[in-house]
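# A structural walkthrough
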Amino acid sequence: MRPEKIMWNKNRITELLGIEYPIFQGPFGGNFSTVELTATVSNLGGLGGFGAYTMSPQEIYDIHHKIQLKTGKPYNLNLWVSDHDIIDEKHTKEQYQKAVETFKPYFDLLDIDIPAPPPSFESRFQNQLEVIFDIKPKVFSFMFGLMNENDIEDLHRQGTVVLGNATTLDEAVALEKNGVDIIVASGFESGGHRPSFLDSSELSTTGTFALIQLISDRVKVPVVAAGGISNGRGIAAAFQLGAEAVQIGTAFLATEESGASSIHKEFLFSDAAKSTTLTRAYTGRLGRGITTKITRDVLAATDKILPFPLQAQFMGALRKAALEQQENDLVFFWSGQTAPLLKHKKASTLMKSLIEEASELL
């Protein structure tokens, strides 16, 4: 008798989540996630994702119900445990003056005023978490830290599968002890913010394909590979190295269904996407995006910016004016390192291509 063929898309993760294919769409924050994108991926058998860390509790309620109207399948709702880096008011004032000195030439170039100091920021996570207990999503993921273990136990009791994000082996070990069901291994190649929490992001830059091997050899829970994956070849490689699912961000960000602007999507499909940079200049936290003049100029200015998210608020006016004046070299477009491989502009076409390619190779 021939041994029974093991299907690549039938494993611990697909069983745990109740999905057909172990392909996750990255849960983008900052209005890049949309109901349509999330539902499209889930309806095609993957796990759609929605980043809600900037949303109020009421907005999370509303978006959850809108997604439920579009799909009855599981999707991943994502929040940030640590949603600010503010130390105190005195430190913030000092950093504001340094940021003004550093970025004034760019505001002058666009002929716009320097913004006033950003208002104070109150952490939202605990209030947002109450919504998660109320709406009881099938899948909940968190970033930038560890959760209270009692909260994770309560989420399990209500039937929610919990995912944590790691950028190093030590973070993965800590997340397993924390009680998560699945670990997302976020490699250096990923676009967007680096969700490091045990050490500085600059010292937590392991590549995806090294990270998934390190983590899968040390932890018992299943591992998701995130970063540097945009096609079936990437999926196959990740599975060969120990991943049981992949999370794809930039390729879905580039589709019509995402909330990214049309110029952002143009850049993702342009020659400019061949070069990406990790920088704190735009939000105050380290993140990867397409290299432009401003990232080259202020790459090393990590001590001359406001703490997250105040830097993002400070730079908001600059970004808005730069887009209006088509000074795109002053805009930071989020992107991972594999953007030059992108081919598909519709989420459904991309999803079907990923499934077909991975099925052929695995």
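Details of the structure are given in the entry above.
Since the structure is predicted, the reported quantities are computational estimates derived from the model, not experimental observations. Numbering of residues starts from 1 in each chain and follows the order in which that chain's sequence is written. Local features in this predicted model are restricted to residues of pLDDT 70 or higher, and side-chain atom pairs are both shown and tallied only at a pLDDT of 80 or more, whereas totals for entire chains, interfaces and linings draw on every residue. To obtain the side-chain values, all non-hydrogen atoms of the structure were used and water was disregarded.

## So, the sheet that holds strand β10 (residues 276–279)
Paired through backbone hydrogen bonds, the strands of a sheet run either parallel or antiparallel to each other. Condition: A strand pair is defined by DSSP finding two or more bridges across the two strands. For helices the rule is a DSSP run of H or I covering at least 4 residues; for strands it is a run of E covering at least 2, with both sets numbered from the N terminus onward.
Pairing in this open sheet of three strands is antiparallel, and the strands run β7-β11-β10 from one edge to the other. Only two strands of the sheet have a single neighbouring strand rather than two, namely β7 (192–193) and β10. Where β7 lies against strand β11 (residues 287–290), two bridges are found, and the strand directions are antiparallel. By the bridge assignment for β11, Gly 192 is matched with Arg 288.

## Quick word on the packing of aromatic side chains
The line we're drawing: Pairing of aromatic rings covers Phe, Tyr and the six-membered ring of Trp, with a centre-to-centre limit of 6.5 Å; geometry is then stacked below 30 degrees between planes, edge-to-face above 60, and tilted otherwise. By the criterion adopted, a ring carries a charge over it if an Arg CZ or a Lys NZ lies within 6 Å of its centre and within 35 degrees of its normal.
Counted under the stated rule, the structure contains 13 aromatic pairs. Between Tyr 53 and Phe 308 the ring centres are 6.5 Å apart and the planes differ by 40°, which places this aromatic pair in the tilted class. One end of the pair, Tyr 53, is in the loop between β2 (48–51) and α3 (57–70); the other, Phe 308, is in the loop between α12 (293–298) and α13 (310–324), with 255 residues separating them in the sequence. Ring-pair connections join several aromatic residues into one group, and the members of that group are Tyr 96, Phe 103, Tyr 106, Phe 107 and Phe 314. Over the ring of Phe 144 we find Arg 285, and its NZ or CZ is 4.2 Å from the ring centre. Taking the ring centre of Phe 269 as reference, the NZ or CZ of Lys 345 above it sits at 4.9 Å.

## A short note on the sheet that holds strand β8 (residues 223–226)
Rules: Only the stretch in contact is used when fitting a helix axis, every axis being a line fitted to C-alpha atoms; angles between N-to-C directions are given from 0 to 180 degrees. Pairs of residues are marked as contacts when any of their non-hydrogen atoms sit within 4.5 Å.
One open sheet holds the eight strands; their spatial order is β1-β9-β8-β6-β5-β4-β3-β2, and the pairing between them is parallel. Taken across any chain shown, the strands that pair with only one partner, and hence form the sheet edges, are β1 (23–25) and β2. Between one strand axis and the next, the sheet turns by 25° as a mean value, whatever way the strands run. In this structure, β1 lies alongside strand β9 (residues 245–248), joined through three bridges in parallel fashion. Within β9, the position partnered with Ile 23 by the bridge is Val 246. Helix α2 (residues 35–43) contacts β1, β2 and β3 (75–80) of the sheet and is inclined by roughly 155° relative to β2.

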